[in-house]
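Report on the structure
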Amino acid sequence: MPVEEDRTLRALGLDKAPREHPLLYPGAWPPESGLLNGERLLPLDRLVYEDRVPVLAVGSNACPGQLRHKMAESGVITPVPMVRTRVTGVDTGVSAHVSRMGYVSNSPISAPHTVRELFVIWLDARQLTVIDASEGVPRADGNFHRAWLPAPDVRIELADGSTLPGAYVYVNRHGVLHDGTGAPRTHPGQRALLTGLLAGSPGLRELFGVSPEEFCARARADRRLCARGTRLFVEEERVTACGLERYVGAQQYGRPGTGASLAPPVR
């Protein structure tokens, strides 16, 4: 008899959560679509889940270890479908805030001609509440808004060639960091990002030390220090708009996977 493939997150190298290992942010993404079911990533039987909400993951929400950590922390054990997609119109920028988890996170930016391989996670109502809370959506001082990105503004193509009518994404309330020319910069990975930011800012080195390791250790769980770092980005004129702000507040309604509780678009 053939030996059953080991589909545990550890065996697949997908078990580490950036919340526990901040320099690994955004964490390891699966090479293909799968169903996150506890400690395992199983094959999917379909690509669209009309009874769930599609959320485009540009950072650690595409990391099974991070998703498992967030859900377990809230006592949620239901499976999460993770669908690999080909997205046109969105790229991965750098959040203009320091996370109390110890890293500077990815944030979506408008990029009309850019094509990226990104995951859509399909969330039920309870799972959506968990992820919203982890992104600070319900709080007045939270870091992200949840916004609907409609087609054709953003094209989300599935493996079978079909496309979605849109998906939600988390837009940073603080804006994103620019590349020195005023355009949003892309995220090069946590260690490279922190190395560059620290090298270019005496103020950041004073707050967070001279190495990525020191940055993560000092920022981790120190809400006041993270807030000071976030203000410093503004003071040093490093911040620009992500280009997706116009979608904030324009809720999607009446399409597959939304649930009846979402409000219609604000007009």
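It should be noted that the structure appears before, not after, this text.
Within the element layout of this structure, leucine 23 appears in the loop between α1 (9-12) and β1 (34-37). Its relative accessible area of 22% is what places leucine 23 among the partly exposed residues. For leucine 23 and glutamate 213, which are 190 residues apart along the polypeptide, the C-alpha to C-alpha distance reads 7.5 Å. When sequence neighbours within four positions are dropped, the list of residues in contact with leucine 23 reads Gln190, Arg191, Leu194, Pro212, Glu213 and Cys216.

Moving on, we come to helix α6 (residues 212-219). Along α6, the positions that sit buried rather than exposed are Pro212, Phe215, Cys216 and Ala219. The arc that holds every buried residue of α6, seen down its axis, measures 90°, which confines them to one face. Contact partners of the buried residues in α6: α4 (190-199), α5 (202-208) and α7 (223-235). After α6 finishes, the residue alanine 221 shows a positive phi value of roughly 70°.

The full count for this structure, using the stated rule, is 5 aromatic pairs. Aromatic pair tryptophan 29 and phenylalanine 119: ring centres 6.4 Å apart, planes at 85°, arrangement edge-to-face. One end of the pair, tryptophan 29, is in the loop between α1 and β1; the other, phenylalanine 119, is in strand β5 (residues 106-123), with 90 residues separating them in the sequence. With a relative accessible area of 0%, phenylalanine 119 lands in the buried category. When the centroid spacing of 6.2 Å and the interplanar angle of 50° are considered together, the rings of tyrosine 49 and tryptophan 122 count as tilted. Taken together, the residues span a long stretch of sequence, with tyrosine 49 in the loop between β2 (40-42) and β3 (53-57) and tryptophan 122 in strand β5 at a distance of 73 residues. By relative accessible area, which is 2% here, tryptophan 122 ends up buried. Geometry around tyrosine 168 places arginine 146 over its ring, the cationic atom sitting 4.6 Å from the centre.

Conventions we followed
Residues numbered from 1 in each chain as written. Predicted model: local features only at pLDDT ≥ 70, side-chain atom pairs only at ≥ 80, totals over all residues. Heavy atoms only, no water. Helix = DSSP H or I, 4+ residues; strand = E, 2+ residues; numbered from the N terminus. Buried < 20%, exposed > 50% of the residue type's maximum accessible area, 1.4 Å probe, protein only. Contact = heavy atoms within 4.5 Å. Arc of directions from axis to C-beta. Phe/Tyr/Trp six-rings, centres within 6.5 Å; stacked < 30°, edge-to-face > 60°. Lys NZ or Arg CZ within 6 Å of the ring centre and 35° of its normal.

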